[in-house]
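Notes for the structure review
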Amino acid sequence: MDGRDWGTFLLPYEQAVEELKVKFKTMRAELKKREEYAPIEFVTGRVKKISSILEKSRRLNVPLDQVETGIEDIAGIRIMCQFVDDIRRVAEYIRARKDLTVLIEKDYITNFKESGYRSFHMIIEYPVQTALGQKIVLAEIQIRTLAMNFWATIEHSLSYKFRESLPDDMRARLKKTAEAAFVLDNEMSAIRLQILEAQKAFEDDSNIVSRTLNIIHQLYFYHLVNEAIEAQKRFNDCWERHDMEGLKDLLDDVKALLNNARKGENPDEQL
């Protein structure tokens, strides 16, 4: 083993992971605002442990002085999606970015591994601005559905336990579960429209509730105490009866009250 300072060596990779996580989370938030749906469900990242780097360099016969170019996934980003089609869409967004360069793509969804593993991998170059100047690091982006990720996480844990020598019966059972996860993804894709409509309806209802309660709270600041108390009673009644149409009417009413109150202070200010 070489005598490098591994903590210092891994710093640019740690920085790359943190920056990429922020960028992809920001992408998710922007798409959510623009289109009311984001293909990214959530983002995680990690830097490979020193023991894992050493083990992989041994397994791939990569000299330790060449791990920066010989091991592509020291920095790893994982992007989870709800549907298989979302994976392709996220990959397109990544290809179009100007702050990274895609070097290699590995489609383990169309060409899944013998074990049943499915995922879409992209090896990228990412420039990190360090205290000593710019450094280009390699990173691997894995794009998966939630079902694929669940299976891969379990399979990885078992492979680690058995040092990649899984018993044949366990290997066969894992392959069956991978096929079951793929069937689940296909079924979810088949009812995608209904799922998205249900999710949007839930978010719309949640927004109505939060906006109504927020405005009721603001009425107190304009000394509309009786109106606020009456509005809260109406809210409680609608909530108990799951009356969303009643809540929509209440929202319109409290908005009107607040607008009128604000006009008294600033004629140009309205909700």
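These numbers come from a predicted model, not from an experiment.

**Here we look at the packing of helix α6 (residues 168-190) against helix α7 (residues 192-221)**
- Direction vectors running N to C along α6 and α7 enclose 70°, while the axes themselves pass 4 Å from each other. On the basis of their axis angle, the class for α6 and α7 is roughly perpendicular. Side by side, α6 and α7 meet where Met188, Ser189 and Ala190 of the first sit next to Arg192, Gln194 and Ile195 of the second.
- A per-class count over the contact of α6 with α7 returns 3 nonpolar, 2 polar and 1 charged.

**Remarks on empty space enclosed by the protein**
- Overall, the coordinates contain 1 cavity of 30 Å³ or more when judged by the stated rule.
- One number sums up the size of the largest cavity: a volume of about 50 Å³.
- Around the largest cavity, the lining residues are Gly116, Arg118, Ala147, Met148, Trp151, Ala178, Ala181, Phe182 and Asp185.
- Listing elements by their share of the lining of the largest cavity, those giving two or more residues are α5 (146-161) and α6.
- Considering each element in turn, the lining of the largest cavity owes the most residues, 4 residues, to α6.
- For the lining of the largest cavity, a count of residues per class yields 6 nonpolar, 1 polar and 2 charged.

**Focus: the side chain of Glu140**
- By the secondary structure assignment, Glu140 is in strand β5 (residues 133-145).
- Among buried charged residues, Glu140 stands out as having no salt bridge; its nearest opposite-charge side chain is Lys106, 5.0 Å away.
- A polar side-chain atom of Glu140 sits 3.3 Å from a polar atom in the side chain of His121.
- When sequence neighbours within four positions are dropped, the list of residues in contact with Glu140 reads Glu72, Asp73, Ala75, Gly76, Ile77, His121, Met122 and Ile123.

**Observations concerning the nonpolar core**
- Within the largest apolar cluster, 40 residues are counted, with the highest numbers of intra-cluster contacts made by Phe24, Ile79, Ile94, Ile141 and Ile143.
- Elements that contribute at least two residues to this core include exactly α1 (6-35), β2 (75-81), α4 (84-95), β4 (120-130) and β5.
- Take this core: its biggest share by element is 10 residues, from α1.
- Each residue touching Phe24, except ones within four places of it in the same chain, is listed here: Ile40, Val43, Ile77, Ile79, Ile94, Arg97, Leu100 and Ile141.

The rules behind each value
- Residues numbered from 1 in each chain as written.
- Predicted model: local features only at pLDDT ≥ 70, side-chain atom pairs only at ≥ 80, totals over all residues.
- Heavy atoms only, no water.
- Axes fitted to C-alpha atoms, helices over the stretch in contact; angles between N-to-C directions.
- Helix = DSSP H or I, 4+ residues; strand = E, 2+ residues; numbered from the N terminus.
- Parallel < 35°, antiparallel > 145°, perpendicular 65-115°, else oblique.
- Contact = heavy atoms within 4.5 Å.
- Nonpolar A, V, L, I, M, F, W, Y, C, P; charged D, E, K, R; others polar.
- 1 Å grid on protein atoms, 1.4 Å probe; cavity = no way out; pocket = protein on both sides within 12 Å on 5 of 7 lines; lining within 4 Å.
- Points joined across faces, edges and corners; volume = space filled by probe spheres on them.
- Buried < 20%, exposed > 50% of the residue type's maximum accessible area, 1.4 Å probe, protein only.
- Lys, Arg positive; Asp, Glu negative; His and termini not counted.
- Salt bridge = Lys/Arg side-chain N within 4 Å of Asp/Glu carboxyl O.
- Polar contact = N/O pair within 3.5 Å; in protein donor to acceptor, adjacent residues only side chain to side chain.
- Core = buried A, V, L, I, M, F, W, Y, C linked by side-chain atoms within 4.5 Å.

Purely spatial values, then, with no claim about function.
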